[in-house]
Every structure is written in structure tokens, then in C-alpha cells.
Amino acid sequence: MAAKELTGRVVSDKMDKTVVVAVENRVPHSKYQKIVVRTKKYKAHDDTNECKAGDIVRIRETRPLSRTKCWVVADILGRSEKV
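Not measured: the values here are computed from a predicted model.

J.: Describe the sheet that holds strand 1 (residues 5-15), naming the residues involved and giving the relevant values.
T.: Strand order around the closed barrel formed by 5 strands is 1-2-3-5-4, with mixed pairing between neighbours. Adjacent strand axes in the sheet meet at a mean angle of 50°, parallel and antiparallel pairs treated alike. The pairing of strand 2 (residues 18-28) with strand 3 (residues 35-45) spans 11 bridges and is classified as antiparallel. Its bridge partner lying in strand 3, Asn-25 is registered against Arg-38.

J.: Could you give me a rundown of the nonpolar core, with the residues and numbers involved?
T.: Val-10, Val-19, Val-21, Val-23, Tyr-42, Ala-44, Cys-51, Val-57, Ile-59, Trp-71 and Val-73 together form the largest nonpolar core, which totals 11 residues. Elements that contribute at least two residues to this core include exactly strand 2, strand 3, strand 4 (56-61) and strand 5 (69-78). Among residues more than four places away in sequence, those in contact with Val-10 are Val-19, Val-20, Val-21, Cys-51, Lys-52, Ala-53, Gly-54, Asp-55 and Val-57.

Thresholds applied
- Per chain, the residues get numbers from 1 upward, laid out in the order the sequence is written.
- The model is predicted, so local features are restricted to residues of pLDDT at least 70 and side-chain atom pairs to those at 80 or more, both for listing and for counting; the totals for chains, interfaces and linings are taken over all residues.
- As a convention, hydrogens and water are excluded, and side-chain values are obtained from all of the structure's heavy atoms.
- Pairs of strands are assigned from DSSP output, requiring at least two bridges between the strands.
- Numbering of helices and strands runs from the N terminus, with a helix taken as a DSSP run of H or I at least four residues long and a strand as a DSSP run of E at least two residues long.
- To get an axis, fit a line to the C-alpha atoms, keeping to the stretch in contact for a helix; angles then go from 0 to 180 degrees between the N-to-C directions.
- Here, nonpolar core refers to any group of buried Ala, Val, Leu, Ile, Met, Phe, Trp, Tyr and Cys residues whose side-chain atoms link them within 4.5 Å.
- The buried label goes to any residue with under 20% of its type's maximum accessible area, the exposed label to any with over 50%, and the partly exposed label to all in between, with areas taken from a 1.4 Å probe on protein chains only.
- In what follows, residue pairs with any heavy atoms lying within 4.5 Å of each other are defined as contacts.

Pasting the structure below:
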């Protein structure tokens, strides 16, 4: 069975070897059919502390690494433009 993969933006990198990734999901409203943006945050394992806030990353589902962390950063798709 293939592991799930999601793409999102890093919103926090303050923990050691962990980043918080916000994944946006655009769905139509059930009654009004207007597109609604729903955001969910996932904690992902970043072994090398390479990700910074604002980066676009792909995360992959894995075994539970802690109580709240069961995702790992697969690769960094885009860097943030902070200087």
C-alpha cells in the first residue's frame, strides 16, 4: 500500500527535528457551492533541520514517531524568500 503524500507550507520550525506544515484543501461548500479553503496542520519529522518557515515541502505518511508526529518531510519543493 502506497504511503499518502501531501504538499504544504512550513509555518513553524522552532522545534528540534520537527516542522509544522499547513496543508490547504479547496472544497466546494455543500449548500452554496462556493470554494472554501480549509487548512490543516501536520507535524512532520525533519531529520537534518533543513526546512525553514515559508518553505514549500512534500510530506509522506510514516509510522508514528511520537504522540502527534506520523509524517516525515520527503523533499523541499521551494525555498522561502526571507533574507
